[in-house]
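Breakdown of the fold
Given next are the chains, with one letter for each unit.
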Amino acid sequence: MTRRVLIVTHGGRPEAVVALHEAVTELERAGFTVTLHDDDLAERFGDHMARTRAREGVAESEVVMVLGGDGTILRAAELTHGTGVPLLGVNLGHVGFLAESEREDLRAAVGRLAAYDYTVEERTIVEVRAYLPGEPEPLVGWALNEATVEKAQRERMIEVVLGVDGRPLSSFGCDGVVTATATGSTAHAFSAGGPVMWPDVDAVLVVPLAAHALFARPLVVGPRSTITVDVLADSASSGVLTCDGRRRIDLPNGSRVEVRRSDTPLRLARLSTAPFTDRLVSKFSLPVVGWRERAASVAATAGTTAERAAAAGASRAPEDQDVTDEEE
């Protein structure tokens, strides 16, 4: 049986081109048939790229290998969404929270793939519906990381009503509202002051952006709840809905956005069995010892360095003395 791998990469980066050549060589040597995807166009909101998937044989691929950072992985997710084909990310970016392997481990990753030595993890995504004034049917989209309603005019606030399960919760002026998955809790929502959620937490995170309100705290909402964000008819600014920083539509005043957990998860190929805690520490370079331990370590290192210097000086002293005596 032919084993196929579709590769998605960031073709504009020299290091990605080099990694691509290496990946193709290693995959073909391991017996895989390799297909390349080089279309950098994002799908439109509500367009699920059926033709592109069919043309490139996504459903027939064992995995989609992504060479790049989280942005490239989010682009590749548009191809695999709804197909059940897992993504395997090789990080060429900065943080790379979604990536499973680093650039220097590319050859080992191919070897693990060839040996079926990997697992598949399901990540929650959200279904997003946008109801626009005068439109009989909503536009339907999705997001792996987050769906964000933001103001369209940077100099003004957008006035919104935030609701949960058909009931209004709070109304305020703000820069926007982020609704994120557990996967997306380390992305835009994290930058806005939201909590980090472990990937297996089945919930949706709501984080207001610079809200002018006494109650505008991040919320963790249950998996069966529906979150609504209404752009008020008299809002000083209209809105923009963006999913994963890629798919966007304009939201005129009077629009409503509904976000709920999708029944269809997105799948990621995993090579590591390390817990998420280790990934968090590694990606954010978090200190895992207290200041006392660090101070003791620095002092010990300084003491050792001083002792070595003193020993080196003592060992050179007789030679210096001999030279002096000979000169005399």
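An unreviewed UniProt entry lists the chain under the name NAD kinase, from Cellulosimicrobium funkei. Within the UniProt record for the chain, the comment given under Cofactor (unreviewed entry) is "a divalent metal cation". Under the Sequence similarities (unreviewed entry) heading, UniProt states for the chain: "Belongs to the NAD kinase family."

1. Description of the packing of aromatic side chains
Tallying each qualifying case throughout the model produces four aromatic pairs. With 6.2 Å between their ring centres and 40° between their planes, phenylalanine 97 and phenylalanine 276 make a pair best called tilted. Of the two residues, phenylalanine 97 is situated in the loop between β4 (87-91) and β5 (101-102) and phenylalanine 276 in helix α6 (residues 276-284); the sequence distance between them amounts to 179 residues. Seen in terms of ring centroids, tryptophan 198 and phenylalanine 276 are 5.0 Å apart; in terms of plane orientation they differ by 70°. Their pairing is edge-to-face. A residue pair is termed long-range when its members are at least 10 positions apart, and tryptophan 198 in the loop between α5 (188-191) and β13 (204-209) and phenylalanine 276 in helix α6 qualify at 78 residues. Residue classification places phenylalanine 276 among the buried residues on the basis of a relative accessible area of 14%. Connected via pairs of aromatic rings, a cluster forms that spans Phe97, Phe190, Trp198, Phe276 and Phe284. The ring of tyrosine 116 is capped by arginine 3, whose NZ or CZ atom sits 3.7 Å from the centre of that ring. The cationic tip of arginine 247 hangs over the ring face of tryptophan 142; the distance from NZ or CZ to the ring centre is 4.3 Å.

Cut-off values and rules
- Residues numbered from 1 in each chain as written.
- Predicted model: local features only at pLDDT ≥ 70, side-chain atom pairs only at ≥ 80, totals over all residues.
- Heavy atoms only, no water.
- UniProt positions renumbered as here; feature names shortened; annotations may be inferred.
- Phe/Tyr/Trp six-rings, centres within 6.5 Å; stacked < 30°, edge-to-face > 60°.
- Helix = DSSP H or I, 4+ residues; strand = E, 2+ residues; numbered from the N terminus.
- Buried < 20%, exposed > 50% of the residue type's maximum accessible area, 1.4 Å probe, protein only.
- Lys NZ or Arg CZ within 6 Å of the ring centre and 35° of its normal.

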